[in-house]
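Fold and geometry: a report
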2 protein chains.
Amino acid sequence: MKATAKAHTNIALIKYWGKRDEPLILPMNNSLSLTLDGFHTTTSVAFQDRLTADQFYLNNRLVEGAESRRVSIFLDLIRKEAGRTDVCAEVHSTNHVPTAAGFASSASGFAALAAAASKAIGLPVNEQELSILTRQGSGSACRSIYGGFVEWEKGTKADGSDSHAVPVAPADHWDLRVAAVVLSSDEKKVLSREGMKRTVDTSPFYPAWVQSIPDDLEAIKEGIAEKDFEKVGEIAEANCLRMHATTLAANPPFSYWHSTTLSIMQAVRQLRSDGIPAFFTIDAGPNVKVLYTPEHEDIIRNTLQNVPGVHDIKVSRPGQGVSFI
Amino acid sequence: MKATAKAHTNIALIKYWGKRDEPLILPMNNSLSLTLDGFHTTTSVAFQDRLTADQFYLNNRLVEGAESRRVSIFLDLIRKEAGRTDVCAEVHSTNHVPTAAGFASSASGFAALAAAASKAIGLPVNEQELSILTRQGSGSACRSIYGGFVEWEKGTKADGSDSHAVPVAPADHWDLRVAAVVLSSDEKKVLSREGMKRTVDTSPFYPAWVQSIPDDLEAIKEGIAEKDFEKVGEIAEANCLRMHATTLAANPPFSYWHSTTLSIMQAVRQLRSDGIPAFFTIDAGPNVKVLYTPEHEDIIRNTLQNVPGVHDIKVSRPGQGVSFI
């Protein structure tokens, strides 16, 4: 009753922003991401009769409190599905996702946990079912089940049984690069979940955000199929700006941006003015990710590293979906 | 047939953002401003039979081209109203509005021009009629006819005869301060008129912006009447952020913000966290204006001057409306 799985993080090009159901983590809109090879989590789960409580080790250290409870609550889902509510698990998780790069480790973390736990307990799940399970641990994690370009279909059912990821194009479809820009200073920030909820509840711009998604999705999927980099980049950048604009209209208003965030956005726009196609996207935090094609590696790196306030650049390629080790 | 008038600039606390009629400069929404004593324009107009063309001197230099034509086109309105389409004018204008502080000199400029020209040509106008005339030169200038807190009523008539400023509270009602923060570097920017039009035409958030204005106006006028600084500041800051959010959702998206703009916004938020009430507002450019009450003069100045990228601080008090010299 032991299994080990590896999952990569993903970067949303069409953002997941707002829940229609909080406990089931059902989104208001479809989203679309690229799984990245540079950042991953490896997780082993062993269900053992001798245990009287779950034990969660993260990077070889026993974790207690809220983070551990979140893992146990997620394991409860799997135990219930498998009809084995009586067994506890020892979970060992190793994160290769530097939080300073602004990736939530929850995406790769819950994808790896869901895969390892379901296999360990003997629950037969296909990838779609695995994505549904994963979603209930962390919304955007459901996209990390698949590699390459992935869409998360919001679904319409109240029980969430049609809200899961679907593959759009595999990792080897298109050789892109994503540079995660690491900032020198950390800022206090509004938490992603809290900011999302405040925006849904109070921003007068939120309904128009939701309405704008189908057009973005249709166009970006065309761009991916055609490998039209300008099209994909422009849609992703505009979608990110539109998402962040909803927070400025929330009550009270807030923003995830830091002055260095603006400097990087400006550097990317300047690259485009200079004829280098590059586009940015920003999640619920001050970090910026920059999309580009491999032939511009050197100029992108040099430009970004010279922006004041930038500490480091971590480059990823399209990555694979979840796998067992 | 000569007259001289002086007018001050104004800072919008509820922004004018979008036109419903371009040639007549009729706005989509009401706006509300504070006239400022620190920045003004003095303009003399002399209609003279000997002239065969208008002559426009700005800061003692003869101006030709687009800027001069804009003055002549505006004088045509006044000549037509006065039934004197046959006379040309010599116009001398002196601007005490540093463009580096991010104030449009068109507000004080057109208010002074309208007042001086209508008096010089013998056109009897009251303040409301003067505001309607001024509006057709530069929209936000119509608010500078009055001192203190001023509302620009958008009106509903197609000819614009009910779209003018109305006084809300005089300059001596409340002793506030507005610090205009001058940035070290100039940025290329999207022009105000162009950005406004692009937003109205393409931003899916624009209708919700317009719908949000009546509540803001009602609440800020209560705050002004009660001299509730927190209330007025919070509404003004949120209104400014909501306006700027509409630009991020335009197609193509754009922003007036510079990295230093964000640094100043962050410094103002930090002041509030430290118990110093201060609020920012930003027009169609990277400059920031900070509202505060006189007792916090020193800490506000010191804080803003220490923000990297800030060159200077110019402080204003509530100012008077247009006057004749």
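Predicted model only: the values in this text are computed from it and were never measured. (Residues numbered from 1 in each chain as written. Chains lettered and ligands numbered in written order. Predicted model: local features only at pLDDT ≥ 70, side-chain atom pairs only at ≥ 80, totals over all residues. Heavy atoms only, no water.)

Attention now moves to the packing of aromatic side chains. Residue and element names in this part refer to chain A. Taken as a whole and judged by the stated rule, the model has 15 aromatic pairs over all chains. Within the aromatic cluster, the residues linked to one another by ring pairs are F149, W174, F229 and F279. Stacked on the ring of F324, the Lys or Arg K119 has its end atom at 4.7 Å from the ring centre. (Phe/Tyr/Trp six-rings, centres within 6.5 Å; stacked < 30°, edge-to-face > 60°. Lys NZ or Arg CZ within 6 Å of the ring centre and 35° of its normal.)

What follows is about the sheet that holds strand 10 (residues 177-183) of chain A. Residue and element names in this part refer to chain A. Taken in spatial order, the four strands of this open sheet run 11-12-10-13, and their pairing is antiparallel. Whereas interior strands pair on both sides, the edge strands pair on one side only; in this sheet they are strand 11 (279-281) and strand 13 (310-316). Neighbouring strand axes in the sheet, compared pairwise and without regard to direction, differ in orientation by 30° on average. (Pairing = 2+ DSSP bridges. Helix = DSSP H or I, 4+ residues; strand = E, 2+ residues; numbered from the N terminus. Axes fitted to C-alpha atoms, helices over the stretch in contact; angles between N-to-C directions.)

A separate point is the packing of helix 1 (residues 66-82) of chain A against helix 2 (residues 105-120) of chain A. Residues and elements named next belong to chain A. Here helix 1 crosses helix 2 at 40°, and the two axes come no closer than 10 Å. It follows from the interaxial angle that helix 1 and helix 2 lie oblique. Remark: the crossing between helix 1 and helix 2 carries right-handed chirality. Here helix 1 contributes R70, V71, F74, L75 and I78 to the contact with helix 2, which in turn contributes S106, F110, L113, A114, A117 and S118. In terms of residue class, the contact of helix 1 with helix 2 is built from eight nonpolar, two polar and one charged. (Parallel < 35°, antiparallel > 145°, perpendicular 65-115°, else oblique. Left-handed = near helix turned anticlockwise from the far one by under 90°. Contact = heavy atoms within 4.5 Å. Nonpolar A, V, L, I, M, F, W, Y, C, P; charged D, E, K, R; others polar.)

A separate point is the sheet that holds strand 12 (residues 288-292) of chain B. Residues and elements named next belong to chain B. Spatial ordering of the open sheet is given by 11-12-10-13, a layout of four strands whose pairing is antiparallel. Each of the sheet's edge strands pairs with one partner strand only, and the pair in question is strand 11 (279-281) and strand 13 (310-316). Taken over all neighbouring pairs, the strand axes of this sheet differ in orientation by 30° on average, direction set aside. Of the pairings in the sheet, the one linking strand 10 (residues 177-183) to strand 12 comprises five bridges and is antiparallel in character.

Our next topic: the domain arrangement of chain A. Residue and element names in this part refer to chain A. In terms of domain boundaries, chain A breaks down into domain 1 (2-173) and domain 2 (177-316). Put simply, the middle of domain 1 and the middle of domain 2, counted by C-alpha atoms, are 24 Å apart. Listed as interface residues are 33 residues of domain 1 and, on the opposing side, 40 residues of domain 2. Across the domain 1/domain 2 interface, buried area totals approximately 2900 Å², and carbon plus sulfur atoms make up 70% of it. At the boundary of domain 1 with domain 2, the tally comes to two salt bridges. (Domains from an automatic or database assignment. Buried area = accessible area lost by both parts, 1.4 Å probe. Salt bridge = Lys/Arg side-chain N within 4 Å of Asp/Glu carboxyl O.)

Attention now goes to the relation of the copies chain B and chain A. Superposing the two chain copies requires a rotation about an axis and a translation along that axis. Its rotation angle being 180°, the transformation that places chain B on chain A also includes 0.0 Å of axial translation and leaves an RMSD of 0.0 Å. Look at the turn and shift together and you get a two-fold axis relating the two. Interface residue correspondence from chain B to chain A reaches 100%, placing this contact among same-surface, isologous pairings. (Least-squares fit on C-alpha atoms with pLDDT ≥ 70 in both.)

To continue, consider the interface of chain B and chain A. Quite often, the size of an interface is put as the accessible area lost when its parts meet. Taken together, the 21 residues of chain B in the interface contact 21 residues of chain A. Together, F205, L248 and L262 of chain B form the three largest contributors to the area buried by chain B at its contact with chain A, with a combined 32%. The interface formed by chain B and chain A holds zero salt bridges in total. Scanning the region where chain B abuts chain A turns up two residue pairs in polar contact (both at pLDDT 80 or more). (Polar contact = N/O pair within 3.5 Å; in protein donor to acceptor, adjacent residues only side chain to side chain.)

Moving on: the pairing of strand 1 (residues 2-14) of chain B. All names here are of chain B. With 11 of 13 residues buried, strand 1 lies mostly within the body of the structure. Bridging between strand 1 and strand 4 (residues 31-48) involves 11 bridges; their strand directions are antiparallel. Residue K6 lies in a different strand from strand 4, and its bridge partner there is T42. Taken together, the two bridges between strand 1 and strand 14 (residues 323-324) define a ladder with antiparallel strand orientation. Note that in strand 14 the partner of A5 across the bridge is F324. (Buried < 20%, exposed > 50% of the residue type's maximum accessible area, 1.4 Å probe, protein only.)

Residue and element names in this part refer to chain A. Between N251 and P252 the backbone carries a cis peptide bond, its omega angle lying at -5°. Locating P252 in the fold gives a position in the loop between helix 6 (229-248) and helix 7 (259-273). Positive phi values are uncommon outside glycine, yet I25 reaches one of about 55°. Relative to the assigned elements, I25 resides in the loop between strand 2 (19-21) and strand 3 (26-27). Using a relative accessible area of 4% as the deciding quantity, one classes I25 as buried. Unlike most non-glycine residues, N60 shows phi in positive territory, near 70°. Tracing the sequence through the fold places N60 in the loop between strand 5 (55-58) and strand 6 (61-63).

On to the pattern of salt bridges, then. Throughout the structure, instances matching the rule amount to 34 salt bridges over all chains. With its nearest N and O atoms 3.9 Å apart, the salt bridge here joins E226 of chain A to K231 of chain A. One salt bridge connects D312 of chain B with K314 of chain B, and the closest N-O pair in it is separated by 3.5 Å.

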